[in-house]
Amino acid sequence: MQKPRIHILALGGTIATSPDATGAMQMGLGADDLVRAVPLLASVAEIEAETVSRVGSHSLGFDQINALAAKIRGLKADGIVVTQGTDTTEETSFLLDLLLDLDKPVIVTAAMRNPSLTSPDGPGNLLAAVRVACDPWVRAHAKALGVMVVMLDEVYAAADVLKVHPTRINAFASTQTGPLAALVEDRVVPMSLPVRDAITAARKHLAGAKDGKAAPVAVFWMSLDETGRVMEAVASAPDHLGYKGAVIGAMGGGHTPERAIAGVHKIAAAIPTVVAPRAGGGPLLRATYGGPSSEIELRKNGLIWGGRLHPLKARILLETCLRAGLSRSAVTEVFDPFG
Ligand code: ASP
């Protein structure tokens, strides 16, 4: 039987590091090096390997991922595996998920332990990602699954996966929804399909708007006794310091400290501002608490409700909407189905 053709696109990250003369790890390896380190890949798939960049994922940008999505759209392969750093995997994978609507698997994988350490996870993660991309259930449900992240033998939906630890090998989890599938021996065991109605609806708004200009989005993280002065400063600065939108990492079900409320109102009047749960995801409240900085008042005052999206995911969606030139009311419509 013909093996599936899997195109590997390497961006850099820990998975692609090697030590320099001082012992510091540098992102120097390319896609061919990664493939060479996993001879078993050849028995699973016809592999094509391409080096896109050799950078840490903390230095990737929206433009690069938009360009990567365009490249992926043009590939003839049966499945695509992107290797990159773990620092931004939860963001880049969601951006790819918003930009791509393919009926073939697109998977992002990475490594927590670099190749110079005992038991690095990069080779195992790459093999697992390719296995997932080749799996008949995954291929049959590729559209329904959307872009996936494969780490440590689990498969996660890009909209939900989070990096939950800075250094541990089991650093990834979908805390709200759990994994979509698990790998055991050489099998992929399906466990769930994600609910993607909000993403499908968002795509309809975004359709047709391509190659827009970058639209930087600021994140303001709410915390005990926050004054809101940074929000006020950005709102009153010339051109809002270049920011076209903002995300507020809100407390609890969608609250900010009362003393920050002047800043919240100013930033929301200046640029489209989304409220998202700093608790890490899960739907926000809409109509429970009263008071000046409650969800009821914030919603009345033009704050856009991020629903279940983690603030980092809300920022990805907002940048994508603003880059596409969507109006404030269209942005509100895009976020509404997220809960
Ligand atoms: N700094 C690295 C990166 O994101 C970390 C990693 O890959 O785990 O590129």
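Residues numbered from 1 in each chain as written. Predicted model: local features only at pLDDT ≥ 70, side-chain atom pairs only at ≥ 80, totals over all residues. Heavy atoms only, no water.

Draft legend 1. Local environment of empty space enclosed by the protein. Summed over all chains, the structure comprises two cavities of 30 Å³ or more. Estimates place the volume of the largest cavity at around 80 Å³. When its volume is computed, the second largest cavity comes out at roughly 60 Å³. Every residue along the wall of the second largest cavity is listed here: Ala159, Asp160, Leu162, Gln176, Gly280, Gly281, Arg308, Leu309, His310 and Lys313. Taken together, the residues of the lining of the second largest cavity break down into three nonpolar, four polar and three charged. (1 Å grid on protein atoms, 1.4 Å probe; cavity = no way out; pocket = protein on both sides within 12 Å on 5 of 7 lines; lining within 4 Å. Points joined across faces, edges and corners; volume = space filled by probe spheres on them. Nonpolar A, V, L, I, M, F, W, Y, C, P; charged D, E, K, R; others polar.)

Draft legend 2. Representation of the environment of Gly146. Within the element layout of this structure, Gly146 appears in the loop between helix H7 (142-145) and strand S7 (148-151). Taking the C-alpha atoms as reference points, Gly146 and Asp160, 14 residues apart in sequence, are found 11 Å from one another. The residues touching Gly146, leaving out its near neighbours within four places in the chain, are Asp97, Val106 and Arg196. (Helix = DSSP H or I, 4+ residues; strand = E, 2+ residues; numbered from the N terminus. Contact = heavy atoms within 4.5 Å.)

Draft legend 3. A look at the packing of helix H12 (residues 311-323) against helix H13 (residues 328-335). It is at 10 Å that the axes of H12 and H13 come closest, and there the two elements cross at 140°. As summarised for this structure, H12 and H13 are arranged oblique, according to the angle between their axes. In the crossing of H12 with H13, the sense of the turn from one axis to the other is right-handed. Mapping the contact onto sequence places Ala314, Leu317, Leu318, Cys321 and Leu322 in H12 and Val331, Val334 and Phe335 in H13. Of the residues that constitute the contact of H12 with H13, the class distribution is eight nonpolar, no polar and no charged. (Axes fitted to C-alpha atoms, helices over the stretch in contact; angles between N-to-C directions. Parallel < 35°, antiparallel > 145°, perpendicular 65-115°, else oblique. Left-handed = near helix turned anticlockwise from the far one by under 90°.)

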